[in-house]
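# Commentary on secondary and tertiary structure
Below, each chain spelled out in residue letters.
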Amino acid sequence: MTAFDPAPESDAATQRWQAGTDTFGRVYNVALGVTSPTAYTEIATLADCSPNAAKKHLERLAEMGIVRADVDSRPAQYERNDGYLEWQDTSRIADELTTDEIIDRVATLEAERAAYEDQFGTTDPTRVSVFDDDHDDHAVHERMTAISEWQGIIRDIRLYELARQLAENDGHLLPA
Amino acid sequence: MTPPDSESPPDSTGPLDRQTLQLLERQLASDPLVATTALDPDSYEPRLLSASLEQDRYPKSIAAARVDIRWFTTADFTFHYIEDHDDGDQWECRWDRHPNTHNSRLHFHQPPTATQVTDLDLPSLHPLEVYSTVLTAIEQRLEKVWSE
């Protein structure tokens, strides 16, 4: 048996996610995965469309709040608008979970956070290296997963706290 | 300790990227190779995206196959492919990008045990492109399991 190729060169690979999607859908999906300012020409290449079409759709997505635009750079750059998308997530949680459910989830997450703080001897996961002393490969993976989960827990606690405020204000950011 | 390559932030990693996991879940759900998708523990606190692959695409000797995906806000990721064989063995490999001591930030854990590690070169690190490469590689594996 020949060796397994982890990165086969194939047209099927680039087209795999594009099937059945129109140009706007492809630009939208590409934009959701773009986490640093990226030239619209590059986004056009990823979305397999013309630069003009990509720019037109990105401007529309920027008006909707889904992407952030830096039109002063040449060429103009775009990236996913994390603030807007986080608010969407928060809003969905406020809509779908009761205040009691949110409070329960926060309590569980706070206990998990405390366990990680004990395990690593600090309250700040960004100060912990994924490498431990014996450089064992398996251990690196385990630590990476743990540190990431710990950071996720801290973020989810904040998200739920915001969701609880939204729920208490009937979906509004501010009390009426 | 081998220093991570120059593009790396400090030897750590960020929380899971909720938006990318949701994007990948939507894509996987419409992929012909995928039977079901799940966010673990749930969609409110996604930590792991798991995709079960269509069993009727596999010979009977392979009881189940799945891909487990983690994607981090630091643009690190793991795509872990696992086949459960009837004889109790697993056949697995993983596409990884994260700080590490064994070789470059982007690397591949070779099948069948995912212990041997080699450098990996990908045309793009966009989540949709990585997903497409991984699923296409799995499809090529599928062609081989029928001829074994």
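Our subject in this report is the structure included herewith. (Residues numbered from 1 in each chain as written. Chains lettered and ligands numbered in written order. Predicted model: local features only at pLDDT ≥ 70, side-chain atom pairs only at ≥ 80, totals over all residues. Heavy atoms only, no water.)

### Overview of the overall build of chain A
A count of helical and extended segments in chain A gives seven helices and three strands. In chain A, the order of α-helices and β-strands from amino to carboxyl end is α-α-β-α-α-β-β-α-α-α. Over its C-alpha atoms chain A spans a radius of gyration of 21 Å, topping by over 25% the 16 Å that the globule rule assigns to 176 residues. Its C-alpha atoms give chain A principal-axis dimensions of about 60 × 50 × 35 Å. Taking contacts inside chain A between residues at least 6 apart in sequence as the whole, the part at least 24 apart equals 56%. (Helix = DSSP H or I, 4+ residues; strand = E, 2+ residues; numbered from the N terminus. Rg over C-alpha atoms; globule rule 2.2 N^0.38 Å. Contact = heavy atoms within 4.5 Å.)

### What about the side chain of B:Glu83?
Residue and element names in this part refer to chain B. Its place among the elements puts Glu 83 in strand S4 (residues 77-85). A distance of 2.7 Å separates polar atoms of two side chains, one belonging to Glu 83 and the other to Tyr 81. Setting aside residues up to four positions removed in sequence, Glu 83 forms contacts with Tyr 58, Ile 62, Ala 64, Ala 65, Asp 89, Gln 90, Trp 91, Arg 141 and Val 145. (Polar contact = N/O pair within 3.5 Å; in protein donor to acceptor, adjacent residues only side chain to side chain.)

### Details of the interface of chain A and chain B
How big an interface is tends to be stated in terms of the accessible area lost upon association of its parts. In this complex, chain A contributes 55 residues to the contact, which on the side of chain B involves 62 residues. Carbon and sulfur atoms supply 55% of the area buried between chain A and chain B, which totals about 4,700 Å² over both sides. It is A:Phe4, A:Arg16 and A:Phe131 in chain A that bury the most area against chain B; as a group they hold 17% of the surface buried on that side. Residue B:Arg47 is joined to A:Glu149 by a salt bridge in which the shortest nitrogen-to-oxygen separation is 3.6 Å. Our count for the chain A to chain B interface comes out at 19 residue pairs in polar contact (both at pLDDT 80 or more). At the level of elements, helix H1 (11-15), helix H2 (23-32), helix H5 (82-96), helix H6 (99-120) and helix H7 (137-168) of chain A are the ones that each hand at least two residues to the side of chain A that touches chain B. Per-element tally for the side of chain A that touches chain B: the top contributor is H7(A), with 15 residues. Taken together, the residues of the side of chain A that touches chain B sort by class into 28 nonpolar, 13 polar and 14 charged. (Buried area = accessible area lost by both parts, 1.4 Å probe. Salt bridge = Lys/Arg side-chain N within 4 Å of Asp/Glu carboxyl O. Nonpolar A, V, L, I, M, F, W, Y, C, P; charged D, E, K, R; others polar.)

### What about the nonpolar core?
Counting residues in each nonpolar core, the largest one holds 83 residues, and the members touching the most others are B:Phe79, B:Tyr81, B:Trp95 and B:Ile138. The greatest single-element share of this core, amounting to 12 residues, is contributed by H7(A). Summarising the domain contributions, this core has at least three residues from each of domain 1 (17-80) and domain 2 (84-169) of chain A. Beyond its immediate chain neighbours, meaning those up to four positions away, B:Trp95 contacts A:Phe4, A:Pro6, B:Phe77, B:Thr78, B:Phe79, B:Tyr81, B:His107, B:Phe108, B:Leu120, B:Val134, B:Ala137 and B:Ile138. (Core = buried A, V, L, I, M, F, W, Y, C linked by side-chain atoms within 4.5 Å. Buried < 20%, exposed > 50% of the residue type's maximum accessible area, 1.4 Å probe, protein only. Domains from an automatic or database assignment.)

### Comments concerning the environment of B:Asp31
With respect to the helices and strands, the residue B:Asp31 is situated in the loop between helix H1 (18-29) and strand S1 (34-40). Remark: the alpha-carbon pair of B:Asp31 and B:Val67, spanning 36 residues in sequence, is separated by 13 Å. The residues contacting B:Asp31, other than those within four sequence positions of it, are A:Arg16, B:Tyr131 and B:Leu135. Among the polar contacts made by the side chain of B:Asp31, one reaches the side chain of B:Tyr131 at a distance of 2.6 Å.

### A word on the packing of aromatic side chains
In the structure shown here, the tally under the stated rule is 13 aromatic pairs over all chains. Ring geometry for B:Phe77 and B:Phe79: centres 5.8 Å apart, planes at 85°, overall edge-to-face. For the residue pair B:Phe77 and B:Phe79, the accessibility class agrees, reading buried in each case. An aromatic cluster of three or more residues is present, and its members are A:Phe4, B:Tyr81, B:Trp91, B:Trp95 and B:Phe108. Stacked on the ring of A:Phe24, the Lys or Arg A:Arg60 has its end atom at 4.6 Å from the ring centre. Cation over ring: B:Arg141 sits above B:Trp91, and NZ or CZ is 3.6 Å from the ring centre. (Phe/Tyr/Trp six-rings, centres within 6.5 Å; stacked < 30°, edge-to-face > 60°. Lys NZ or Arg CZ within 6 Å of the ring centre and 35° of its normal.)

### Structural notes on a nonpolar patch on the surface
On the surface, A:Trp87, A:Leu162, A:Leu173 and A:Leu174 cluster together into a nonpolar patch covering about 410 Å² of accessible area. Mapped onto the fold, A:Leu174 is located in the segment after H7. (Patch = residues over 30% accessible without salt bridge, like charges linked within 9 Å, V, L, I, M, F, W, Y side chains within 5 Å. Areas by Shrake-Rupley, 256 points an atom, 1.4 Å probe, with all protein chains shown as cover.)

### Things to note about the environment of A:Ile93
Mapped onto the elements, A:Ile93 comes out in helix H5. Of the residues examined, A:Ile93 reaches a relative accessible area of 0% and is grouped as buried. Beyond its immediate stretch of four places on either side in the chain, A:Ile93 contacts A:Ile102, A:Leu159, A:Tyr160, A:Ala163, B:Arg18 and B:Tyr44.

### Some words on the sheet that holds strand S6 (residues 106-109) of chain B
Residues and elements named next belong to chain B. Across the sheet, which stays open at both edges, the seven strands sit in the order S1-S2-S3-S4-S5-S6-S7 with antiparallel pairing between neighbours. Of all strands in the sheet, those bounded by a partner on one side alone are S1 and strand S7 (117-119). Mean inter-strand twist for the sheet, computed between neighbouring axes without regard to direction, equals 15°. As defined by bridge partners, strand S5 (residues 90-97) adjoins S6 across four bridges and the pair is classed as antiparallel. When the sheet's bridge partners are listed, Asp 96 is paired in S6 with His 107. Contacts from H1 reach S1, strand S2 (48-53), strand S3 (62-71) and S4, with the element oriented near 160° to S1. Sitting on the sheet, helix H2 (residues 127-147) is in contact with S1, S2, S3, S4 and S5, with an inclination near 20° to S4. (Pairing = 2+ DSSP bridges. Axes fitted to C-alpha atoms, helices over the stretch in contact; angles between N-to-C directions.)

Just geometry here; none of it tells us what the structure is for.
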